[in-house]
Amino acid sequence: MMKKIAIVTDSNSGITQSEAKELGIYVIPMPFYIDDNVYFEDINLTQEEFYRYLEKGAEISTSMPAIGDVTDLWDSLLKEYDEIVHIPMSSGLSSTCSTAMMLAEEYHGRVVVVDNKRISVTQKQAALDAKRMAGLGWDAARIRAKLLETMYDASIYITLDTLYYLKKGGRVTPAAAALGTLLRIKPVLQIQGDKLDAYANARTKKAARSIMLDALRKDIRERFGADGRMEDIQIAMAYTGGFTAEVQAWKQELEAAFQVPAGDVMADPLALSVSYHIGPGAIGFGCMKKLKF
């Protein structure tokens, strides 16, 4: 008899609560402390409200979901489902994953936590893939094995509008931020596996866009071995601060560069846990190798 599998992720995936209901995926909202008040992403904190707080200089910090909130959801789901596949944000970006793994030990195999090094659009794709595998009758252990086998088949490249938020978070020195601002440097960062890392610097956003497109082409060719076969690749885009005319123009260029129909490009707001480190006006391109079952 086919097991009934629940797919759980968190709001770092970019899956909204309303979208989660449509997809049949359960999304744990990430908590934020803003001026000593706790907010939950997409529950009582919208993207627009978050950026208003950020731009006003509010004191913002991220936090893990409360242990009780996680286990309460699992307990509730296990009344209806046989097993749970839980896909949190990458362990390299948060301790949320290690905490979930520790909690899962008490569930004797009925809860399987997958650290497949993803966040934002790539984490969302992992949750969608897990849902498809569950629909094919795969059990939790088999889904986890497939997601771990393919965890590095994804990349995100992001260019920033300002170095202010990296400086504020201590990720660049004030002197480096001042010099970068003076020279109008547009850094390109990458999320490829565990962490948010520096990738390259550009003098303009146009140059940064070119760097990111070239990086995607290289990954598709060398890391994914697709040799230009776009039917094997999922192209994606992430952004901070709203879907502006600039974001729309970049999306169209991404579609044209890879000759991908507009409806095939996943375009979502970047997870707020990353956004608060880099600020509004950031744009990211991503690619993932499609899973074959």
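Presented here is an overview of the structure given in this document. None of these values were measured; they are calculated from a predicted model. The residue count restarts for each chain, going from 1 along the sequence in the order it is written. Per-residue local features are limited, in this predicted model, to residues with pLDDT of at least 70; the limit for side-chain atom pairs, both in listing and counting, is 80 or more; totals at the level of whole chains, interfaces and linings are taken over all residues. Working from all heavy atoms in the structure, the side-chain values ignore hydrogens and water.

Some points on the packing of helix α5 (residues 120-135) against helix α6 (residues 140-149)
Axis angles are defined between N-to-C directions and span 0 to 180 degrees, where every axis is a line fitted to C-alpha atoms and, for a helix, only to the segment in contact. Segments assigned H or I by DSSP are reported as helices when at least four residues long, segments assigned E as strands when at least two residues long, and all are numbered from the N terminus. With their axes 10 Å apart at the nearest point, α5 and α6 run at an angle of 140° to one another. Crossing geometry of α5 relative to α6 is assigned as right-handed. Contact residues: Ala126, Asp129, Ala130, Met133 and Ala134 in α5; Ile143, Lys146 and Leu147 in α6. Classification used: nonpolar for Ala, Val, Leu, Ile, Met, Phe, Trp, Tyr, Cys and Pro, charged for Asp, Glu, Lys and Arg, polar for all others including Gly. Within the contact of α5 with α6, the residues separate by chemical class into six nonpolar, no polar and two charged. Take the far helix as your reference; a near helix turned counterclockwise from it by less than a right angle gives a left-handed crossing, and one turned clockwise gives a right-handed crossing. Two residues form a contact once any of their heavy atoms are found within 4.5 Å.

Concerning the sheet that holds strand β2 (residues 26-28)
If you walk across this open sheet you meet the four strands as β2-β1-β6-β7, and the pairing is parallel. Two strands in the sheet have a free side with no partner beyond their single neighbour: β2 and β7 (111-113). Pairs of neighbouring strands in the sheet enclose a mean axial angle of 25°, with direction left out of account. Paired strands, as defined in this entry, are two strands with at least two bridges between them according to DSSP. In terms of strand pairing, strand β1 (residues 5-10) meets β2 through three bridges, oriented parallel. What sits directly across from Val8, in β2, is Tyr26. The sheet strands contacting helix α4 (residues 96-104) are β6 (83-87) and β7, and the helix crosses β7 at an angle near 155°.

So, the sheet that holds strand β4 (residues 37-40)
The strands that make up a sheet are held in pairs by hydrogen bonds between backbone atoms, and each pair lies either parallel or antiparallel. Strand order in the open sheet made by the three strands is β4-β3-β5, with antiparallel pairing throughout. At either end of the open sheet lies a strand with only one pairing partner, and these are β4 and β5 (60-62). Taking the axes of each pair of neighbouring strands and ignoring which way they run, one obtains an average angle of 30° across the sheet. Sheet topology places strand β3 (residues 31-34) next to β5; three bridges connect them, and they run antiparallel. For Phe32, the partnering residue across the bridge sits in β5 and is Thr62.

Observations regarding the pairing of β1
Burial analysis of β1 places six of its six residues in the buried class, which makes it a mostly covered element. The buried label applies to any residue whose accessible area, calculated with a 1.4 Å probe on protein chains only, is under 20% of its type's maximum; exposed applies above 50%, and partly exposed to all values in between. Neither face of β1 is exposed, since Ile5, Ile7 and Thr9 on one face and Ala6, Val8 and Asp10 on the opposite face are all buried. Looking down the strands as they point away from the viewer, one classifies a crossover as right-handed if the path from the first strand across the helix to the second runs clockwise. Note on the crossover from β1 through helix α1 (residues 17-23) to β2: the handedness is right-handed.

Note that every value here comes from positions in space, so none of it alone points to a role or purpose.
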